[in-house]
Amino acid sequence: MLTTIYSQERGGLRFDVFAGSEPALSPNCVLISGERDAILIDVQFVRDEARELAERVRDTGRNLKAAYITHAHPDHYGGMAEIQAAFPDTPIFARQGVIDGILEWPAKRLHWQEAYGDQIPDEMPVPRPLTGERGSLEGHEVVFVDLPVAETVHATAFHVPGSGALIAGDLLNHHSHCYMADTNNPGSWLTALDLVQALGELTIVVPGHGPVGGTEVIDDTRTWLQDYQEVARPRVPVADIAREMGRRHPDRALPMLLWLTRGPSFGLVGPKELGVPPEVFGG
Ligand SMILES: [Zn+2]
């Protein structure tokens, strides 16, 4: 079930933020509406919630001009097939680096279909390349902000200067843990936070997960990352990092993210649970 977590008009545009359910990783997606037209940023993860999102867009009566994908994690792009089916004339755009990540979908499907069954589609549309530095919605400027390595290697944030709005994708996780398994690079991520903080006055800051706020959303992610930088020194085992970050931030959502890794730990579940024969590890 989708939850409307924010709805506000500012600078002549309306911002509606819909969060997915917690079992579906509660990603935020944003509908920005003008008087006749609208754009969507991120499209939910599982099928039911993407369909609900399409209904919410229809309910506004606006013409959906485009959808944009912030980054190549399935909780943000997984709903593309449903959005495309509901709005066949609406193009979906992403930067080329994000498209390259989405092309890894068949590998990710192996993992996610096991966890979510029919909620995960077999085929994933490929977005069109997003080019240029800015777009517009009824004359309101929407700036595409290419981020340094942060939560993943390639990601785009969307800045609407006339409304003081930043749609950050997973550059920001508010009251939630962060996903470090792609990059494990808190230093570069902190640089990315400085970059968006320097964009100018921000009064609507939409994180990829968690409540919408102002610049305190940026500070909240910064605090978590500074702690992580201290805790996750080279050679500290993943389990020790996860436990210590859980101890320092006991009330944050998505503690599961602390345990996700790539490489020899086989993602979320261990090799034992998957029935991987011990001899494949040698010894
Ligand atoms: Zn996410």
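Residues numbered from 1 in each chain as written. Predicted model: local features only at pLDDT ≥ 70, side-chain atom pairs only at ≥ 80, totals over all residues.

Draft legend 1. Highlighting the overall build of the chain. When helices and strands are counted, the chain shows nine helices and twelve strands. Against the globule reference of 19 Å for 283 residues, the chain gives a C-alpha radius of gyration of 19 Å, in line with a compact fold. Taken over the C-alpha atoms alone, the chain extends approximately 65 × 40 × 30 Å along its principal axes. By residue count, 41% of the 283 residues in the chain fall in the buried class. Sequence separation of at least 24 residues holds for 66% of the intrachain contacts in the chain that already meet a minimum separation of 6. (Helix = DSSP H or I, 4+ residues; strand = E, 2+ residues; numbered from the N terminus. Rg over C-alpha atoms; globule rule 2.2 N^0.38 Å. Buried ≥ 20, exposed ≤ 12 C-beta atoms within 10 Å, placed from the backbone. Contact = placed C-beta atoms within 7 Å.)

Draft legend 2. Highlighting the sheet that holds strand 5 (residues 63-68). One open sheet holds the seven strands; their spatial order is 1-2-3-4-5-6-7, and the pairing between them is mixed. The outermost strands of the open sheet, each flanked by one partner alone, are strand 1 (3-10) and strand 7 (128-129). Where strand 2 (residues 13-19) lies against strand 3 (residues 28-33), six bridges are found, and the strand directions are antiparallel. Within the sheet, the bridge partner assigned to Asp-16 lies in strand 3 and is Leu-31. (Pairing = 2+ DSSP bridges.)

Draft legend 3. Representation of the environment of Ala-24 within the structure. Secondary-structure assignment places Ala-24 in the loop between strand 2 and strand 3. Judged by local crowding, Ala-24 falls into the buried class, with 22 C-beta atoms found within 10 Å. Distance from Ala-24 to Phe-45, taken between C-alpha atoms, is 6.7 Å for residues 21 residues apart in sequence. Non-local contacts of Ala-24, meaning those with residues more than four positions away in its chain, are made with Phe-45, Val-46 and Glu-49.

Draft legend 4. Seen up close, the sheet that holds strand 11 (residues 165-167). With mixed pairing, five strands are arranged side by side in an open sheet as 8-9-10-11-12. On the outer flanks of this sheet lie strand 8 (134-137) and strand 12 (204-206), each paired with one strand and no other. This sheet shows a mean twist of 20 degrees between the axes of neighbouring strands, independent of strand direction. Pairing analysis gives four bridges linking strand 8 to strand 9 (residues 140-146), with the strands arranged antiparallel. Bridging from a neighbouring strand, Ser-136 pairs with Glu-141 of strand 9. (Axes fitted to C-alpha atoms, helices over the stretch in contact; angles between N-to-C directions.)

Draft legend 5. Representation of the UniProt feature "domain: Metallo-beta-lactamase" (unreviewed entry) in the chain. Mapped onto this numbering, the UniProt entry annotates "domain: Metallo-beta-lactamase" (unreviewed entry) at residues 26-209. With 30% helix and 24% strand, the stretch residues 26-209 has end C-alpha atoms that lie 6 Å from each other. (UniProt positions renumbered as here; feature names shortened; annotations may be inferred.)

Draft legend 6. Geometry of unusual backbone geometry. The backbone phi angle of Leu-25 is positive, close to 70 degrees, even though this residue is not glycine. Topologically, Leu-25 is positioned in the loop between strand 2 and strand 3. Its 24 C-beta neighbours within 10 Å are what place Leu-25 among the buried residues.

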